[in-house]
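Chain by chain, the residues:
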Amino acid sequence: MKRFGCKVLLLLGGMFVLGGTAQAQYLRSSYFMEGTSARLQLNPGLQPTRGYFNIPVIGSLNVSASSNVLGTSDIIDVLDSKNSLYSNDKLFDKLLQSDNRLNVNLNTDILSFGWYRGKGFWTFNVGLRTDIGASLAKDMFSMMRNMKGFALEDKAGTTANYDLSNQSVNVKAYAEVGLGYSRRITEKLTVGARVKVLLGLARAEVNINKFNVDLDLPNLNATGGEVSPSDWYGKEYSYTADANVLTTLKGGGMTFNEDGKINKFDMKLEDMGISGTGFGIDLGASYKIWDNLTVSASVLDLGFLNWKESETTVATVTGNENVTIDENNYDRYIGGDFLSVERFDFKKGSTENVKNKTRLYSTVLIAGEYGLLNNKLSVGAMYTARFVEPKTLNELTFSATLRPANWLNAAISYSPILASGKSIGVAVKLGPLFVGTDYMFLGRNSKTVNGFVGISLPLGGKPSASSEN
């Protein structure tokens, strides 16, 4: 893979946004819906009204994305822009923040079910998880525009300095095999835990610790201010860099040519397998203070993944480079995509100092609920903090939940932080079907969206009277 296009990088998260969640890894609107199994993903100390069997893959599918910069309409503008992308002042003004962040999560259970036995409730699941996080510097977008000949009015004919340091992209995909158990200890207290064996499937990281660029910008020529390739000839390009790229993937990864430079990225599906192992645990509890008032809390995804050094490839770039642009290297330094590996001059590196142990993105949850109308209706509030890279994401959610029967639950929620108070959440369980979102945007340009769909069937009976005491 010769080039990693900047436009592709911009749209990577955008396409996930259009397809589907965000701050929390699971649907917060489901938390007080007693008839759903989705609430157990947020707190293993909770219990549904009866056992369940989720239809494979589509029985528990959750997709999420969150950005502090681009919203859904911005992504649509980028997709529609084609050659006019670099002249879109409105879009690039949004990207010129000091820190442009994106987080994406995709989760599905290939197999999951839960059942009551004795005084406890057991759960089992086999799932697939993907986490993506990115932090991009504003100077990256400024330099990209200038290279394409845009926004040069005040800089033409000068030497521009760009600071592209402290950028990162992190991707990890893994499988999870989990076993959970919850039990009512007293009439008021219920506790639970879920242990998870983790199987790493793939990891990719781009870490740009330092990348400072000095670039001689051409003068605007007389024909409408356009810049042609020949206008760049004779200009100086120099950088100081400290960056690395690493991949961990069984049956694939980066390959290098005779000079040690990145040749391409290989991924052979038939050779893919386990490239890491790990362990995780979820802990949760709920406590009924009064008959109608219950508080609960959980800590999710405490754990780690150990990636195999034998399946890891590394490329690094350090030091300085000074070049003069001409017709032979124009495509490398100016005409190519911004994240061209040729421009960064990455070369094969050693895996000896690579950090192969990575933590999971943990979540802390605290909630309170007050029941009304013989517990058929409730109002509640929940705080969640998810410790993702590059920055922790916090959310406060208020909800009202209607649950007249096990087959019919409905909730409406309001989360003011990530969506800037401009969205509501809705979730509905109707028979075996459960759908919901925490961010139904009341406008056109949501920066935080999510969606959950589940189809489950009853499994076993309800908790016995003895287990309720």
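Just above sits the structure.
Before going into details, it helps to say that this report is about the structure given with it. None of the values given here were measured: they were computed from a predicted structure.

**With respect to the overall build of the chain**
Okay, so step 1: Within the chain one finds 6 helices and 24 strands.
Okay, so step 2: Within the chain, buried positions represent 49% of all 469 residues.
Okay, so step 3: Put simply, the chain shows about 20,600 Å² of open surface, and 57% of that area lies on carbon and sulfur atoms.

**Observations concerning the environment of Ala38**
Okay, so step 1: The residue Ala38 is located in the loop between α1 (6-19) and β2 (52-54) in this model.
Okay, so step 2: Separated by 11 residues in sequence, Ala38 and Leu27 have C-alpha atoms that sit 7.4 Å apart.
Okay, so step 3: Excluding residues within four positions of it along the chain, Ala38 makes contact with Ser30, Phe434 and Phe452.

**As for the environment of Leu408**
Okay, so step 1: Counting through the fold element by element, Leu408 comes out in strand β21 (residues 408-414).
Okay, so step 2: Residue classification places Leu408 among the partly exposed residues on the basis of a relative accessible area of 26%.
Okay, so step 3: As a C-alpha pair, Leu408 and Val428 span 20 residues in sequence and 7.6 Å in three-dimensional space.

**Some remarks on the packing of aromatic side chains**
Okay, so step 1: Counting across every chain of the model gives 13 aromatic pairs.
Okay, so step 2: For the pair Phe113 and Phe124, a centre-to-centre distance of 5.6 Å together with 40° between the ring planes defines the contact as tilted. Taken together, the positions of Phe113 in strand β4 (residues 100-117) and Phe124 in strand β5 (residues 120-136) put the pair 11 residues apart, joining distant regions of the chain.
Okay, so step 3: In this structure an aromatic cluster arises from ring pairing among Phe53, Phe113, Trp115, Trp122, Phe124 and Tyr181.
Okay, so step 4: Positioned above the aromatic ring of Tyr361 is the side chain of Lys172, whose terminal nitrogen or guanidinium carbon lies 3.7 Å from the ring centre.

**Some remarks on unusual backbone geometry**
Okay, so step 1: Phi is positive for Val57, which is not a glycine, with a value near 70°.
Okay, so step 2: One can find Val57 in the loop between β2 and β3 (61-67).
Okay, so step 3: Residue Val57 is classed as partly exposed on the basis of its relative accessible area of 41%.
Okay, so step 4: Even without glycine at this site, Asn375 takes up a positive phi of about 70°.
Okay, so step 5: Counting through the fold element by element, Asn375 comes out in the loop between β18 (363-372) and β19 (377-386).

**Let's talk about the pattern of salt bridges**
Okay, so step 1: What the rule picks out here adds up to 12 salt bridges.
Okay, so step 2: The residue Asp131 makes a salt bridge to Arg386 at a minimum N-O spacing of 3.5 Å. With Asp131 in strand β5 and Arg386 in strand β19, this pair connects stretches of sequence that are 255 residues apart. With respect to burial, Asp131 and Arg386 carry one shared label: buried.
Okay, so step 3: A cluster of three or more residues bridged by salt bridges with shared partners is formed by Asp109, Arg129, Glu176, Arg194, Lys196, Asp282 and Asp301.

**Structural notes on the pairing of β5**
Okay, so step 1: With respect to burial, β5 is a largely interior element, 12 of its 17 residues being buried.
Okay, so step 2: In terms of strand pairing, β4 meets β5 through 17 bridges, oriented antiparallel. Bridge pairing links Leu102 to Ala134 in β5.
Okay, so step 3: Counting the residues in the hairpin turn of β4 and β5 gives 2 residues, including Gly118, whose phi is positive at 60°.

Thresholds, definitions, all that
- Sequence order sets the numbering: in each chain, residues are counted from 1 along the sequence as written.
- Under the rules for a predicted model, residues below a pLDDT of 70 receive no local features and side-chain atom pairs below 80 are neither given nor counted, while totals for whole chains, interfaces and linings still include all residues.
- Side-chain metrics rest on all non-hydrogen atoms present in the structure, leaving aside hydrogens and water.
- A run of H or I in DSSP counts as a helix once it spans at least four residues, and a run of E counts as a strand once it spans at least two, with each numbered from the N terminus.
- The cut-offs for exposure are 20% and 50% of the maximum accessible area for each residue type, with area from a 1.4 Å probe on protein chains only; residues under the lower value are buried, those over the upper are exposed, and the others partly exposed.
- The accessible surface values rely on the Shrake-Rupley method and a 1.4 Å probe; as for residues, cover is taken only from the protein chains in view.
- Residue contacts are defined here by distance: any two heavy atoms, one from each residue, within 4.5 Å place the two residues in contact.
- Classification of ring pairs rests on two measures: the distance between centres of Phe, Tyr or Trp rings, Trp counted by its six-membered ring, which must be within 6.5 Å, and the angle between planes, read as stacked under 30 degrees, edge-to-face over 60 and tilted in between.
- A ring is considered to have a charge above it if a Lys NZ or an Arg CZ atom is located within 6 Å of its centre and within 35 degrees of its normal.
- When a carboxyl oxygen of Asp or Glu is within 4 Å of a side-chain nitrogen of Lys or Arg, the pair counts as a salt bridge.
- Should DSSP find at least two bridges between two strands, the strands are regarded as paired.

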